[in-house]
Amino acid sequence: MFSLPWLELSRFKRHTITRLAIIVVAVIPAIYGGLYLASNWAPTDNLDKLQAAVVNTDEGAEKPDSDGEKLQAGDELVDKITPKGEGGFDWQETSLKEANDGLAEGKYFAVLEIPSNFSERLVSTGGDDPEQAGLNLRTDDAHNFIVGQMAGTILNEIKSGLNETTTAEYVSEVYLGFNDIHSSTKKAVDGARQLNDGATDLHDGSGQLSDGAHTLDKGVGTLQTGIGDLDEGAGELEKGSGDLKTGADKLAKSTTEAKNGSKKVADGAGQVADGTGQLRDTADEATDKAEDLKDKADDLVEGTRPKLTQAEDDFDSARNTVNGDMDDRVAQLREDYPDDPNVQKLADDMDNLGGDLDKAHGRASKAADEAKDLEDPVKDAVDDVMKKIREADKKIGKLDDGAQKVATGADDLHSGLIKLDAGAGDLAKGAGDLNDGAIQLKDGTEKAKTGVADLKDGSSQLADGADELDKGAKKLVDGSKELADKLADGLKQIPTYDKSDRENRSDVVAVPVDAEKIKDNAVDAYGEGLAAFFVSLALWIGGMITYMVINAIPYRALMSSAKSSRIAWAGYVPGILFGVAQVAVLYGVLSFALDFSAGSWLWTLLFSILVAASFHAVHQLCVAALGGVGRLVALVLLMVQIASAGGTYPVQTAPSIFQIISPFLPMTHAVNGLRTLIAGGDMFIAAQAAVVLLLMTAICLVATMFVCGRKRMVTLTQLHPSLTL
């Protein structure tokens, strides 16, 4: 089974050049794959070795509502990207001319221009007319297209960072604005509540005003009536004051006359007082005399009664004497001198005398009786007279007192009349003024009457207005309450943010989607990610080189009786051995030179050997079937597979023709299998790829067997080939 393959290999031991050829065949895939992967192992990690220019012409701008704080966004951006390793490229701040010259000469791979209005447009995001701040990044594809693409990525990262910062600052201001809105709305709520309280007070006041206005209107109506009455009264007052003026004038004149008369009265009263004084003195004197008279009358009464009694007794004694002794003596004398006329006359006289004595005695008795009878009446009369005298004296005293008072009063009256006259003068003057005032009052009341009529209209309008105001105040109360309630509800819906919460939310809103890139089965480097493609490419090239060095089939064996399968096998085994060697050398270089690693080394190596076996089977078939043209076909297949294997970009991004042929090409499955094994993905994909590769290998070997069978017959085309490579 291995005799023919060993025989085929043994020819490489004959010469040094053939031995070197074995080494070259084994090493070329490693050189190809290693160099490619080494040059593309981690290109993005070395971008800081590329110089780029940044031209900062930003003039800065004042931040809104910042008390003069100025934003120098251009300087900040330059400070951020120019430190080594911070901005992707090795950014150098230069002038525009130097940057342009450097870009044209290839010194700088990119030029970032920061315009003069960069800060101004950034701060405009917080104003009324926001504008986008622009950055200009220029690259020159004439120097390197990929660098231009990377510069775009770097620009996007710078732009994202600026957008994040600017958005965070803007959103922070927005959240701060929420706090301001919340605070302002809270003040508005307090104000609305105060407005509601004020409106309630206003409503109460307007109600009171309405009641007061109606009361006022009613009062003004009463006032209007009163003013009418007042006007009439003023008319009457005017007339009365006129009469009063006339009367006052008369009174003043009368008081003057009375004053003058009172002088006379005072003088007369003084004279009367003097007279009453004298009368009083006289009365006192008369009273004294009456008292003496009374005493004397009493004495007389007391003295008369005994004298009358004595007289009665005397008359009685004289009568008895006359009537007794005298009569006896006269009778004796008559007897003695009966003829004597004297005696007779004496007797007659004695008789008359006795009669007179009887009469006198009778009159004395009567007088005594009468005196006795008169004693009490006289005494009473005297007492009565004395009483009257005393009363008269007292009355005269009172009269004198009264006269004195009258005199004093007359003096006072005169003094009062002087004052009264002066007052009457004043009264007359006041009455005149009163009359003038009454006239003015009448004019005033007429004007007041007109004014009150206007006031009545105004008070009616005021009452109506007060009613409207009360209704409006009621609506204002309801509206202000609704406003306060709505504002309070709205206030509950307006969030507030403290500094940490605001910063957190600003960061979240600035970057609402945190697109964290999570790689399953991540590889360590860009080159490691491309290793599946370049290893497959290297092994394909290795297969091409192998069958350039060795025969696809041992042609001499075609002349023998060996079976075609054995002949095909004999050509394939050396190739697969070279393939194994190529795999070993290639992975040795990758491991030790590029720090290459694989998810599963064993299966990666075994699968790589399977890939090499498959590729060598394809190359064997091509060379065995077509000879030199077969190598050209293998080269064409290489180019087709580079385009359709999806080694760098997914095959879905390629034109549809490449997507159609991709599943039928071995490199597609080699790349898929190696990619899974190197990165450590789903092993089913690797197993599926291995099965496809085994099937393709088997098909190629069967086809090679068929070709060997056909190679046993020499055709005219083989004898005279149209093209030999």
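Since we're looking at a predicted model, the values are computed, not measured.

Engineer: Please provide a residue-by-residue account of the overall build of the chain, values included.
Structural biologist: Of the regular secondary structure elements, the chain holds 17 helices and 6 strands. The C-alpha radius of gyration computed for the chain amounts to 83 Å, which surpasses the reference 27 Å derived for 725 residues by more than 25%, pointing to a less compact arrangement than a globule. The dimensions of the chain, computed from C-alpha atoms along their principal axes, are 280 × 55 × 45 Å. A buried classification covers 36% of the 725 residues belonging to the chain. In the chain, once contacts between residues fewer than 6 apart in sequence are set aside, the share between residues at least 24 apart is 82%. Just so you have it, the chain exposes about 40900 Å², and 57% of that area is on carbon and sulfur atoms.

Engineer: How would you summarise the packing of helix α12 (residues 601-626) against helix α13 (residues 628-644) if you had to cite specific residues and measurements?
Structural biologist: The packing of two helices is summarised by the inter-axis angle and the distance between the axes. Interhelical geometry of α12 versus α13 gives an angle of 140° and a closest axis separation of 6 Å. The angle between the axes of α12 and α13 places the two elements in the oblique class. The handedness of the crossing between α12 and α13 comes out as right-handed. Touching V618, H619, C622, V623 and L626 of α12 are G628, V629, G630, R631, V633, A634 and L637, all from α13. Across the contact of α12 with α13, the residue classes break down as 8 nonpolar, 3 polar and 1 charged.

Engineer: I'd love a proper account of the nonpolar core, names of residues and values included.
Structural biologist: Within the largest apolar cluster, 67 residues are counted, with the highest numbers of intra-cluster contacts made by L37, L539, L590, F596, F607 and M667. Elements supplying a minimum of two residues to this core: α2 (16-39), α9 (526-549), α10 (555-558), α11 (564-594), α12, α13, α15 (666-679) and α16 (683-711). With 14 residues, the single largest contributor to this core is α9. The residues contacting F596, other than those within four sequence positions of it, are W41, E528, A531, Y587, L590, S591, W601 and I678. In terms of nonpolar packing, the next biggest core, distinct from the first, is built from 26 residues, A52, A61, L71 and L112 among them.

Engineer: Quick rundown of a negative patch on the surface? Include the residues and the values.
Structural biologist: A grouping of D75, E76, D79, E93, E169, E173 and D180 is seen on the molecular surface, where their side chains present a negatively charged patch. Only α3 (73-81) and α6 (145-336) provide two or more residues apiece to the negative patch. Along the chain, E93 turns up in strand β4 (residues 90-93). Residue class for E93 comes out partly exposed when judged on its relative accessible area of 49%.

Engineer: Could you give an account of the environment of H143, with specific residues and numbers?
Structural biologist: Tracing the sequence through the fold places H143 in the loop between β6 (136-139) and α6. We classify H143 as partly exposed; its relative accessible area is 36%. For the pair formed by H143 and K345, sequence separation is 202 residues and the distance between their alpha carbons is 225 Å. Not counting chain neighbours up to four residues away, the residues in contact with H143 comprise L103, A104, E105 and G106.

Engineer: Which residues make up the sheet that holds β6, and what are the values?
Structural biologist: Strand pairing in a sheet relies on backbone hydrogen bonds. The paired strands run either parallel or antiparallel. The 4 strands are arranged β4-β1-β5-β6 in an open sheet whose pairing can be described as mixed. Strands with a single pairing partner mark the edges of an open sheet, and in this sheet they are β4 and β6. In this sheet, adjacent strand axes meet at a mean angle of 25° when their direction is disregarded. With 4 bridges connecting them, strand β1 (residues 51-56) and β4 associate as parallel partners. Bridged to Q51 within β4 is D90.

Engineer: Could you give an account of α3, naming the residues involved and the relevant values?
Structural biologist: A73, G74, L77, V78 and I81 are the residues of α3 that are buried. Buried residues along α3 cover an arc of 135° about the axis, so they all sit on one side.

Engineer: Tell me about the pattern of salt bridges, residues and numbers included.
Structural biologist: When the charged atoms of two side chains lie near each other, side chains of opposite charge can form a pair. Tallying each qualifying case throughout the model produces 10 salt bridges. Across the pair D101 and K97 runs a salt bridge, and its minimum N-O distance is 3.0 Å. With a gap of 4 residues between them, D101 and K97 both fall in helix α4 (residues 96-105), about one helical turn apart. When its relative accessible area of 60% is taken as the criterion, K97 is described as exposed. Here K481 makes a salt bridge to D485, at a shortest N to O gap of 3.1 Å. Of this pair, K481 and D485 both sit in helix α7 (residues 341-493), 4 residues apart, roughly one helical turn.

Engineer: Which residues make up the packing of aromatic side chains, and what are the values?
Structural biologist: Inspection of every chain in the model, using the stated rule, returns 7 aromatic pairs. Ring plane angle 40° and centroid distance 6.2 Å describe the contact between W569 and Y572, whose orientation is recorded as tilted. You can see W569 and its partner Y572 sitting in helix α11, 3 residues apart, about one turn around the helix. Through pairs of rings, three or more aromatic residues link up here, namely Y587, F596 and W601.

Engineer: Can you break down the side chain of T94 residue by residue, with the values?
Structural biologist: With respect to the element layout, T94 can be found in the loop between β4 and α4. The class for T94 is buried, based on a relative accessible area of 12%. When near neighbours in sequence (up to four residues on either side) are disregarded, T94 contacts A53, V54, V55, A99 and Y108.

Engineer: Provide a residue-level description of a nonpolar patch on the surface, including the pertinent values.
Structural biologist: Together, L195, L202, L209, L469, L476 and L483 line one region of the surface with nonpolar side chains, adding up to about 440 Å² of accessible area. Elements with a minimum of two residues in the nonpolar patch: α6 and α7. Mapped onto the fold, L476 is located in helix α7. The partly exposed category is assigned to L476, whose relative accessible area is 33%.

Engineer: Any chance you could break down the side chain of N435 for me, citing the residues and the numbers?
Structural biologist: For N435, the position within the fold is in helix α7. A distance of 3.0 Å separates a polar side-chain atom of N435 from the backbone oxygen of E238. Once residues within four sequence positions are removed from consideration, N435 is found in contact with E238, S241, G242 and K245.

Engineer: Can you explain the pairing of β1? Please cite residues and give values.
Structural biologist: Most of β1 is tucked away, with 5 of its 6 residues classed as buried. With 4 bridges joining them, β1 and strand β5 (residues 110-114) adopt parallel strand pairing. Directly across from A53, in β5, lies its bridge partner V111.

Rules behind the numbers
Residues numbered from 1 in each chain as written. Predicted model: local features only at pLDDT ≥ 70, side-chain atom pairs only at ≥ 80, totals over all residues. Heavy atoms only, no water. Helix = DSSP H or I, 4+ residues; strand = E, 2+ residues; numbered from the N terminus. Rg over C-alpha atoms; globule rule 2.2 N^0.38 Å. Buried < 20%, exposed > 50% of the residue type's maximum accessible area, 1.4 Å probe, protein only. Contact = heavy atoms within 4.5 Å. Areas by Shrake-Rupley, 256 points an atom, 1.4 Å probe, with all protein chains shown as cover. Axes fitted to C-alpha atoms, helices over the stretch in contact; angles between N-to-C directions. Parallel < 35°, antiparallel > 145°, perpendicular 65-115°, else oblique. Left-handed = near helix turned anticlockwise from the far one by under 90°. Nonpolar A, V, L, I, M, F, W, Y, C, P; charged D, E, K, R; others polar. Core = buried A, V, L, I, M, F, W, Y, C linked by side-chain atoms within 4.5 Å. Patch = residues over 30% accessible without salt bridge, like charges linked within 9 Å, V, L, I, M, F, W, Y side chains within 5 Å. Salt bridge = Lys/Arg side-chain N within 4 Å of Asp/Glu carboxyl O. Lys, Arg positive; Asp, Glu negative; His and termini not counted. Charge placed at Lys NZ, Arg CZ, Asp CG, Glu CD. Pairing = 2+ DSSP bridges. Arc of directions from axis to C-beta. Phe/Tyr/Trp six-rings, centres within 6.5 Å; stacked < 30°, edge-to-face > 60°. Polar contact = N/O pair within 3.5 Å; in protein donor to acceptor, adjacent residues only side chain to side chain.

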